[in-house]
Amino acid sequence: QVQVSESGGGAVHTGGSLRLSCAASGLTFSSYSVGWFRQGPGKEREFVAAISWSGRHVEYTDSVKGRFTISRENWKNTVYLQMLSLKPEDTAVYYCGVVNLGAGTTSQEWKYDYWGQGTQVTVSS
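The structure contained in this document is the topic of the report that follows. Since the model is a prediction, treat every value here as computed from it, not as a measurement. (Residues numbered from 1 in each chain as written. Predicted model: local features only at pLDDT ≥ 70, side-chain atom pairs only at ≥ 80, totals over all residues. Heavy atoms only, no water.)

Moving on, we get to the environment of Gln-120. Following the sequence through the fold, Gln-120 ends up in strand S11 (residues 119-124). Take Gln-120: its relative accessible area is 40%, and that puts it in the partly exposed class. Taking the C-alpha atoms as reference points, Gln-120 and Asp-62, 58 residues apart in sequence, are found 21 Å from one another. In this structure the side chain of Gln-120 is engaged in a polar contact, spanning 3.3 Å, whose partner is the side chain of Thr-122. (Helix = DSSP H or I, 4+ residues; strand = E, 2+ residues; numbered from the N terminus. Buried < 20%, exposed > 50% of the residue type's maximum accessible area, 1.4 Å probe, protein only. Polar contact = N/O pair within 3.5 Å; in protein donor to acceptor, adjacent residues only side chain to side chain.)

Burial runs high along strand S8 (residues 78-83): five of the six residues are buried. Sheet analysis places strand S3 (residues 18-25) next to S8, joined by six bridges and oriented antiparallel. If you follow Leu-20 over to S8, its bridge partner there is Leu-81. Pairing geometry for strand S7 (residues 68-73) and S8, over six bridges, is antiparallel. Its bridge partner being in S8, Glu-73 is matched across the sheet by Thr-78. Taken together, S7 and the strand that follows it, S8, pair antiparallel across an intervening segment of four residues, in which Asn-77 is found at a positive phi of about 50 degrees. (Pairing = 2+ DSSP bridges.)

With respect to the element layout, Arg-72 can be found in strand S7. There is a polar contact of 2.7 Å between the side chain of Arg-72 and the backbone oxygen of Tyr-32. A polar contact is formed between the side chain of Arg-72 and the backbone oxygen of Ser-52, at a distance of 2.7 Å. The contact partners of Arg-72, leaving out residues within four places of it in the chain, are Phe-29, Ser-30, Tyr-32, Ser-33, Val-34, Ile-51, Ser-52, Trp-53, Gly-55, Thr-78 and Val-79. (Contact = heavy atoms within 4.5 Å.)

This paragraph deals with the side chain of Arg-67. Examined against the element boundaries, Arg-67 turns out to sit in the loop between strand S6 (58-60) and S7. According to the relative accessible area criterion, Arg-67 is buried, its value standing at 10%. Within the structure, the side chain of Arg-67 is placed 2.9 Å from the backbone oxygen of Ser-63, a separation counted as a polar contact. Of note is the side chain of Arg-67, whose polar atom sits 2.8 Å from the side chain of Asp-90. With near-sequence residues (within four places) excluded, Arg-67 lies in contact with Gln-82, Met-83, Leu-84, Ser-85, Leu-86, Lys-87 and Asp-90.

Looking now at the pattern of salt bridges. Scanning all chains against the criterion turns up six salt bridges. The partner of Glu-46 in a salt bridge is Arg-38, with the nearest N and O atoms 2.7 Å apart. (Salt bridge = Lys/Arg side-chain N within 4 Å of Asp/Glu carboxyl O.)

Taken by themselves, the reported measurements are silent on function.
What follows is the structure, given as C-alpha coordinates:
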(Lines give C-alpha, C1' and ligand atoms only; values in the text may rest on other atoms or scores of the structure.)
Protein backbone atom coordinates (compact mmCIF):
# COMPACT_ATOMS: atom_id res chain seq x y z
CA GLN A 1 0.00 0.00 0.00
CA VAL A 2 1.02 3.57 -0.60
CA GLN A 3 2.32 5.56 2.33
CA VAL A 4 3.38 9.19 2.33
CA SER A 5 4.98 10.75 5.38
CA GLU A 6 6.19 14.25 6.19
CA SER A 7 8.77 15.17 8.78
CA GLY A 8 10.96 18.06 9.82
CA GLY A 9 8.41 20.47 11.22
CA GLY A 10 8.98 22.36 14.41
CA ALA A 11 8.89 25.72 16.13
CA VAL A 12 11.21 28.56 15.17
CA HIS A 13 11.42 32.31 15.56
CA THR A 14 10.90 34.75 12.74
CA GLY A 15 13.83 34.50 10.34
CA GLY A 16 14.58 30.92 11.21
CA SER A 17 14.84 27.94 8.90
CA LEU A 18 13.44 24.46 8.63
CA ARG A 19 13.77 21.66 6.12
CA LEU A 20 10.76 19.46 5.60
CA SER A 21 11.00 15.98 4.14
CA CYS A 22 8.43 13.93 2.30
CA ALA A 23 9.03 10.22 1.94
CA ALA A 24 6.87 7.77 0.05
CA SER A 25 6.66 4.02 -0.28
CA GLY A 26 4.47 1.58 -2.16
CA LEU A 27 4.82 3.40 -5.46
CA THR A 28 7.41 4.20 -8.07
CA PHE A 29 8.39 7.49 -6.53
CA SER A 30 10.34 8.74 -9.51
CA SER A 31 7.16 8.55 -11.62
CA TYR A 32 5.29 11.01 -9.41
CA SER A 33 5.24 14.74 -9.15
CA VAL A 34 5.23 15.97 -5.57
CA GLY A 35 3.63 19.03 -4.07
CA TRP A 36 3.62 20.79 -0.74
CA PHE A 37 0.47 22.39 0.59
CA ARG A 38 -0.21 24.09 3.89
CA GLN A 39 -3.14 24.98 6.06
CA GLY A 40 -2.78 27.74 8.61
CA PRO A 41 -5.13 28.33 11.53
CA GLY A 42 -8.49 29.50 10.28
CA LYS A 43 -7.39 29.25 6.66
CA GLU A 44 -8.02 27.02 3.70
CA ARG A 45 -5.37 24.65 2.47
CA GLU A 46 -3.15 26.39 -0.06
CA PHE A 47 -0.52 25.41 -2.55
CA VAL A 48 3.10 26.05 -1.60
CA ALA A 49 5.44 24.34 -4.06
CA ALA A 50 5.69 21.42 -6.44
CA ILE A 51 8.33 19.49 -8.33
CA SER A 52 8.07 17.21 -11.35
CA TRP A 53 9.14 13.57 -11.43
CA SER A 54 12.39 14.55 -13.14
CA GLY A 55 13.08 17.56 -10.94
CA ARG A 56 13.24 19.65 -14.10
CA HIS A 57 10.12 21.66 -13.33
CA VAL A 58 9.29 23.45 -10.11
CA GLU A 59 6.68 25.98 -9.13
CA TYR A 60 6.01 28.09 -6.05
CA THR A 61 3.28 30.24 -4.72
CA ASP A 62 4.28 33.90 -4.81
CA SER A 63 4.48 34.31 -1.05
CA VAL A 64 7.35 31.82 -0.72
CA LYS A 65 9.37 32.59 -3.83
CA GLY A 66 12.95 33.40 -2.95
CA ARG A 67 12.61 31.84 0.49
CA PHE A 68 11.56 28.23 -0.08
CA THR A 69 13.26 25.65 -2.29
CA ILE A 70 11.80 22.32 -3.30
CA SER A 71 14.07 19.49 -4.38
CA ARG A 72 14.02 15.74 -4.66
CA GLU A 73 16.31 12.75 -4.37
CA ASN A 74 14.54 9.95 -6.12
CA TRP A 75 17.09 7.36 -5.11
CA LYS A 76 15.83 7.62 -1.55
CA ASN A 77 12.21 8.43 -2.40
CA THR A 78 12.36 11.79 -0.73
CA VAL A 79 11.34 15.35 -1.56
CA TYR A 80 12.52 18.29 0.50
CA LEU A 81 11.18 21.73 1.19
CA GLN A 82 13.93 24.01 2.43
CA MET A 83 12.34 26.98 4.15
CA LEU A 84 14.41 30.06 4.90
CA SER A 85 13.53 33.42 6.42
CA LEU A 86 10.40 32.05 7.97
CA LYS A 87 7.61 34.42 8.88
CA PRO A 88 4.68 34.04 11.27
CA GLU A 89 2.35 33.77 8.29
CA ASP A 90 4.16 30.57 7.33
CA THR A 91 2.73 28.92 10.43
CA ALA A 92 0.66 25.98 9.25
CA VAL A 93 0.40 22.26 8.97
CA TYR A 94 2.38 21.33 5.88
CA TYR A 95 1.17 18.44 3.77
CA CYS A 96 2.94 16.48 1.08
CA GLY A 97 0.97 15.13 -1.86
CA VAL A 98 2.00 12.92 -4.76
CA VAL A 99 0.43 12.78 -8.19
CA ASN A 100 1.09 10.71 -11.30
CA LEU A 101 1.09 13.38 -13.98
CA GLY A 102 3.65 11.86 -16.30
CA ALA A 103 5.34 15.21 -16.59
CA GLY A 104 5.19 18.68 -15.12
CA THR A 105 3.62 19.91 -11.90
CA THR A 106 0.24 21.00 -10.66
CA SER A 107 -0.94 23.37 -7.96
CA GLN A 108 -4.45 21.94 -8.06
CA GLU A 109 -5.06 20.11 -4.83
CA TRP A 110 -7.81 17.86 -6.20
CA LYS A 111 -5.44 16.25 -8.68
CA TYR A 112 -3.15 14.74 -6.07
CA ASP A 113 -3.46 11.00 -5.54
CA TYR A 114 -1.96 10.44 -2.11
CA TRP A 115 -1.30 12.56 0.95
CA GLY A 116 0.69 12.47 4.13
CA GLN A 117 -0.75 13.38 7.51
CA GLY A 118 1.11 16.66 7.77
CA THR A 119 3.82 18.21 9.88
CA GLN A 120 3.39 21.31 12.00
CA VAL A 121 5.45 24.41 11.37
CA THR A 122 5.15 27.20 13.91
CA VAL A 123 6.90 30.54 13.48
CA SER A 124 6.74 32.92 16.40
CA SER A 125 7.21 36.66 16.21
